[in-house]
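If you want the building blocks of each chain, they are given just below.
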Amino acid sequence: MFSSVATEQHSAEQAGQRPESQESQERHDSAHQFLGIYGHFYQPPREDPFTGAIPLEPGAAPFENFNEKITAECYRPNAELGNFEAISFDLGPTLAAWL
């Protein structure tokens, strides 16, 4: 009496195919695919070079400036969801100073 593995190997050999070992099949079944995500986050300097103050930016409404808008709409929600823990990233120096 043949075991099921021996029967499958015998059938594969008759069909002219190489039987796949159980170990090889297990490696194939447990193979993983990975996706790498890298983020480079940067904000240009917005300070007035003479006063050091960030001027009002009407296009950022309802926020006073784009730093506040982008922080509220992008960086804070992603931080709250833990997304930065799952990716590799760096911060530009002006953004790092702002945060």
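A brief look at the structure comes next. (Residues numbered from 1 in each chain as written. Predicted model: local features only at pLDDT ≥ 70, side-chain atom pairs only at ≥ 80, totals over all residues. Heavy atoms only, no water.)

**A look at the overall build of the protein**
Here is step 1 of the chain: Counting secondary structure elements, the protein contains four helices and two strands.
Here is step 2 of the chain: Start at the N end of the protein and walk to the C end: the helices and strands fall as α-α-β-α-β-α.
Here is step 3 of the chain: At a minimum sequence separation of 6, the contacts of the protein that also span at least 24 residues come to 51%.
Here is step 4 of the chain: If you sum the accessible surface of the protein, you get close to 8100 Å²; carbon and sulfur atoms cover 56% of it. (Helix = DSSP H or I, 4+ residues; strand = E, 2+ residues; numbered from the N terminus. Contact = heavy atoms within 4.5 Å. Areas by Shrake-Rupley, 256 points an atom, 1.4 Å probe, with all protein chains shown as cover.)

**Details of the pattern of salt bridges**
Here is step 1 of the chain: Tallied over the full model, the rule gives two salt bridges.
Here is step 2 of the chain: Its salt-bridge partner being Glu57, residue Arg46 comes within 3.8 Å of it at the nearest N-O pair. Pair noted here: Arg46 is in the loop between strand E1 (38-41) and helix H3 (66-80) and Glu57 is in the loop between E1 and H3, with a separation of 11 residues, a long-range link.
Here is step 3 of the chain: Classification of Arg46 as buried rests on a relative accessible area of 17%.
Here is step 4 of the chain: Overall, Glu57 belongs to the buried group, its relative accessible area being 17%.
Here is step 5 of the chain: Between Lys69 and Glu73 there is a salt bridge, and its shortest N-O distance comes to 3.6 Å. In this pair, Lys69 and Glu73 are both assigned in helix H3, four residues apart and thus about one turn of the helix distant. (Salt bridge = Lys/Arg side-chain N within 4 Å of Asp/Glu carboxyl O. Buried < 20%, exposed > 50% of the residue type's maximum accessible area, 1.4 Å probe, protein only.)

**Thoughts on H3**
Here is step 1 of the chain: The end-to-end C-alpha distance of H3, which contains 15 residues, comes to 20 Å, matching closely the 21 Å that a straight helix rising 1.5 Å per residue would cover.
Here is step 2 of the chain: At Ala72, H3 shows its maximal bend, which comes to roughly 40°.
Here is step 3 of the chain: Among all positions of H3, only Asn67, Lys69, Thr71 and Tyr75 are buried.
Here is step 4 of the chain: Those residues of H3 that are buried lie in contact with E1 and helix H4 (93-98).
Here is step 5 of the chain: The opening residue of H3, the one whose side-chain oxygen lies 3.0 Å from the backbone nitrogen of Asn67, is Asn65. (Expected span 1.5 Å × (residues − 1). Bend = angle between axes of the 7 residues up to and from the residue. Polar contact = N/O pair within 3.5 Å; in protein donor to acceptor, adjacent residues only side chain to side chain.)

**Some thoughts on a nonpolar patch on the surface**
Here is step 1 of the chain: Residues Phe89, Leu91, Trp98 and Leu99 make up a contiguous nonpolar surface patch of about 360 Å² in total accessible area.
Here is step 2 of the chain: As for its position among the elements, Phe89 is in strand E2 (residues 88-91). (Patch = residues over 30% accessible without salt bridge, like charges linked within 9 Å, V, L, I, M, F, W, Y side chains within 5 Å.)

**Observations concerning the side chain of Thr71**
Here is step 1 of the chain: Tracing the sequence through the fold places Thr71 in helix H3.
Here is step 2 of the chain: Beyond its immediate chain neighbours, meaning those up to four positions away, Thr71 contacts Arg76, Pro77, Trp98 and Leu99.

**Some details on the pairing of E1**
Here is step 1 of the chain: Going residue by residue along E1, you find Gly39 and Phe41 tucked away on one face and Tyr38 and His40 left uncovered on the opposite face.
Here is step 2 of the chain: With four bridges joining them, E1 and E2 adopt parallel strand pairing. Residue pairing in the sheet places Gly39 in a bridge with Phe89 of E2.
Here is step 3 of the chain: In the classification by handedness, the crossover that spans E1, the intervening H3 and the parallel E2 is right-handed. (Pairing = 2+ DSSP bridges. Right-handed = clockwise from strand over helix to strand, strands pointing away.)

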